[in-house]
Amino acid sequence: MRPKNNSLQITSIPCILPLTERTQPHKMQVFYDFGRYCQLLYQAIRSSSEFKSYYRNFVSEMIKTGYDSLPIVILAGAFTGAVLTIQTSYQLVSAFIPKSTIGAIVTQSLIIELAAVISGLVLAGRVGARIATELGTMRVSEQIDALESMGFNSVSFLVVPRVLAGYVMFPIIYIAAATTGVAGGLLAGIVTGQVPMADFLLGARTYFLPWDIIFGMTKSIVFGFIITSISCFKGYYASGGAEGVGKSTTNATVLSCIFILLADLLLAIILL
Amino acid sequence: MKNEVKVALTIFIAIIVAVLGYRFMTETPLFSQSYELHAHFNRVDGIVSGSSVLMQGVKIGTVRRVEFLDESDSLRVSMSFNTTRQLPEGSVAYIRSFQIVDKAIEIERSDSGTLLSTGGRIQGIYDEGIMGTVREIGETSGRNLENTTERLSSVLTQVDEMLLGGSRSDIEQSLGSLNQSLRAVEQLLAESSDDISETVAHLRSTAATIDTLTSGEQEQLQQIIANLEEASGRFAALSGEMDGVSRDLSDVMRKINEGDGSLGRLINDPSLYNNLDSLSYNLNTLIKNLNENPRHFLKHVRLIDIF
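The rules we used
Residues numbered from 1 in each chain as written. Chains lettered and ligands numbered in written order. Predicted model: local features only at pLDDT ≥ 70, side-chain atom pairs only at ≥ 80, totals over all residues. Heavy atoms only, no water. Axes fitted to C-alpha atoms, helices over the stretch in contact; angles between N-to-C directions. Helix = DSSP H or I, 4+ residues; strand = E, 2+ residues; numbered from the N terminus. Parallel < 35°, antiparallel > 145°, perpendicular 65-115°, else oblique. Contact = heavy atoms within 4.5 Å. Nonpolar A, V, L, I, M, F, W, Y, C, P; charged D, E, K, R; others polar. pLDDT = per-residue confidence, 0-100. Buried < 20%, exposed > 50% of the residue type's maximum accessible area, 1.4 Å probe, protein only. Pairing = 2+ DSSP bridges. Left-handed = near helix turned anticlockwise from the far one by under 90°. Buried area = accessible area lost by both parts, 1.4 Å probe. Salt bridge = Lys/Arg side-chain N within 4 Å of Asp/Glu carboxyl O. Polar contact = N/O pair within 3.5 Å; in protein donor to acceptor, adjacent residues only side chain to side chain. Expected span 1.5 Å × (residues − 1). Bend = angle between axes of the 7 residues up to and from the residue.

1. What to know about the packing of helix α2 (residues 29-47) of chain A against helix α7 (residues 154-192) of chain A
All names here are of chain A.
(1) Moving on: Two elements in contact, α2 and α7, have axes separated by 9 Å at closest approach and are oriented at 100°. The angle between α2 and α7 places the two elements in the roughly perpendicular class. Side by side, α2 and α7 meet where Leu40, Gln43, Ala44 and Ser47 of the first sit next to Val155, Ser156, Val159 and Val160 of the second.
(2) Moving on: Grouping the amino acids of the contact of α2 with α7 by side-chain chemistry returns 5 nonpolar, 3 polar and no charged.

And the structure:
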């Protein structure tokens, strides 16, 4: 749905995207945005071979996305596990249901679903907002244009390292969330006296399947990609000064959350 | 610390945590090699990877895999054990139910001294347990029920045939006759109803007459009853006396029987009889001799002397 004369610029790398047409809302905004998003991804893939240009950014992005997010993710995971154990044991009071069922339910839900989704939603706020704000500010203060004018490929310099960092670090974050979640659940069961350790572990181990970990990790990779790519897209195409940056940040977070939930559903349908 | 080192450490630690967590969840010993054995079964209802392997009720291992063996049409169950629990050769793996629904493999150790090394094979037996018994009972009762139903249906068929065949007309005839008899009885009753009512009326008047008769003679009747009562009282006294008499008599009889007293001796002692008997015999002989030979007795007797 873009004007004809801009189609040439997609293929030219580095690409200078026109700023003037973005300010007015398009008739079919959704498709327009999706088209631009696909263009951005295409350019990112095209320029992902220029490893040298983004290596330093890649490392610092991995630190910001993964290393710095670990505390909040560990906290979220542990509390989710603990709450899950306490609430499940509150609900399962029948004499015919063994206590080990609680362990099975908590572990399964954490590994399959919650570790990936909770960390995804938390990081949509933390990482997504940061990326969108960074790129948005760079865009509105014309730093991206400056990069382009100096001959840098802004996509490979700004977008690729962030998306790649998401790919690499989200499985790590998933491992942290799942491990601390199960540990937190186990600990909550022991501390409250609701589920003895042996029962919890019996249930957790009986229903444990290696495929669940692969499934959860696939989810976390997909979520990492969704968060970083949508935030980059929203920040990269921000416009309208400080207000525009705020708007694009909000959009990035909200869209990331929505697409995380949507992808969660799709993956559950496809892979289970 | 440099950023690169931080990233590398994070990833490295995450991978180690993932591997250890996986081994922990699958109950593989965290830092040592596990010990694996196989058992072949025909069926493995309820056994999945992760099921418990027990020995004397204690969990000693976990089921790793359940695979189909195409060549022998059976299932191979791989179990991993802690290395401290090496099993002897000739051990048997039973699939049994625990807590009705939970299935687990139970190992029964043999006494053999040689231990199985990893990858070894032990005998596998599918033990149906209590559910098998229940199923068997169910099957037997089902068969019995089937037989019963068959018989019942054949009986019903026979009854049906009987009703449809000649017997039906017989029954109908019987019912008809019964109907007729009842009708005749009814008619009879209707005809003689006057007589019956008359008889009843007579009976009633007779009863009334008796009533009037007795009502006039009430005092006399009472007198008679009083006399009867007195007589019966006398009878009672008399019978008491009679009792005493009979007691005395029985006492006497007892004494006689025992040979007590003269009468008793007379009856019970045979000596008198014997004496009398011998006396009569002697008399007999004497008379006989006298008859035959009177001279002998009268030898010294002269007529003159006599006269």
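Structure's up, so let's keep going.
2. Focus on the confidence of the model for chain A
Parts of the prediction with low pLDDT should not have their coordinates interpreted in detail.
(1) Moving on: On average, residues of chain A carry a pLDDT of 87, and 90% of them reach 70 or more.
(2) Moving on: Counting interchain partners and residues more than four positions distant, the pLDDT-below-50 stretch residues 1-16 of chain A has 25 contacts.

3. Digging into the environment of A:Cys38
Residues and elements named next belong to chain A.
(1) Moving on: Mapped onto the elements of the fold, Cys38 is located in helix α2.
(2) Moving on: Cys38 gets classed as partly exposed once you look at its relative accessible area, which sits at 33%.
(3) Moving on: Sequence spacing of Cys38 and Phe233 is 195 residues, and the spatial spacing of their C-alpha atoms is 9.5 Å.

4. Digging into the pairing of strand β1 (residues 35-41) of chain B
Residues and elements named next belong to chain B.
(1) Moving on: The element β1 is largely enclosed, with a buried count of 7 among its 7 residues.
(2) Moving on: Of the two faces of β1, the one lined by Tyr35, Leu37, Ala39 and Phe41 and the one lined by Glu36, His38 and His40 are each fully buried.
(3) Moving on: Two elements, β1 and strand β4 (residues 74-81), share 7 bridges in a ladder whose sense is antiparallel. From the neighbouring strand, His38 faces β4, where its bridge partner is Ser78.

5. Quick notes on the packing of helix α5 (residues 100-140) of chain A against α7(A)
Residues and elements named next belong to chain A.
(1) Moving on: Look at α5 against α7: their axes get within 9 Å of each other, and the N-to-C directions meet at 150°. Seen from above, α5 lies across α7 with right-handed handedness. Within the contact between the two elements, α5 uses Thr107, Leu110, Ile111, Ala115, Ala116, Ser119, Gly120, Leu123, Ile131, Glu134, Leu135 and Met138 and α7 uses Leu158, Arg162, Phe170, Ile173, Tyr174, Ala177, Ala178, Gly181 and Val182.
(2) Moving on: Classifying every residue of the contact of α5 with α7 gives 15 nonpolar, 4 polar and 2 charged.

6. Description of the interface of chain A and chain B
(1) Moving on: Contacts between the two partners involve 23 residues from chain A and, on the opposite side, 18 residues from chain B.
(2) Moving on: Summing both sides of the interface, chain A and chain B together bury roughly 1,900 Å²; the carbon and sulfur share of this comes to 74%.
(3) Moving on: Summed over the shared surface of chain A and chain B, the result is 1 salt bridge.
(4) Moving on: When the shortest N-O distance is used, the salt bridge between A:Arg56 and B:Glu4 registers 3.7 Å.
(5) Moving on: The tally of links between chain A and chain B comes to 2 residue pairs in polar contact (both at pLDDT 80 or more).
(6) Moving on: Where the side of chain A that touches chain B is concerned, the elements lending two or more residues are α3 (51-67), α7, α8 (197-206) and α9 (210-236) of chain A.
(7) Moving on: At 7 residues, the largest contribution of residues to the side of chain A that touches chain B is made by α3(A).
(8) Moving on: Partitioned by chemical class, the residues of the side of chain A that touches chain B number 17 nonpolar, 4 polar and 2 charged.

7. A few points about α7(A)
All names here are of chain A.
(1) Moving on: In this model, α7 (39 residues) spans 54 Å end to end at C-alpha, consistent with the 57 Å of a helix rising 1.5 Å per residue.
(2) Moving on: Of all the bends in α7, the largest measures some 35° and sits at Met169, one to four residues before the proline Pro171.
(3) Moving on: Of all the 39 residues making up α7, 29 are buried; the element is thus mostly covered by neighbouring parts of the structure.
(4) Moving on: Its side-chain oxygen placed 3.1 Å from the backbone nitrogen of Val155, Asn153 serves as the N-cap of α7.

8. So, the pattern of salt bridges
(1) Moving on: The final tally for this structure, using the stated rule, is 21 salt bridges over all chains.
(2) Moving on: Residues B:Asp127 and B:Arg96 are paired through a salt bridge, measuring 2.7 Å at the closest nitrogen-oxygen approach. Taken as a pair, B:Asp127 in the loop between β7 (120-126) and α2 (129-164) and B:Arg96 in strand β5 (residues 92-98) lie far apart in primary sequence, 31 residues in all.
(3) Moving on: Salt bridges here are not isolated pairs; linked through shared partners, they connect A:Glu61, A:Lys64, A:Arg130, A:Glu134 and A:Arg162.

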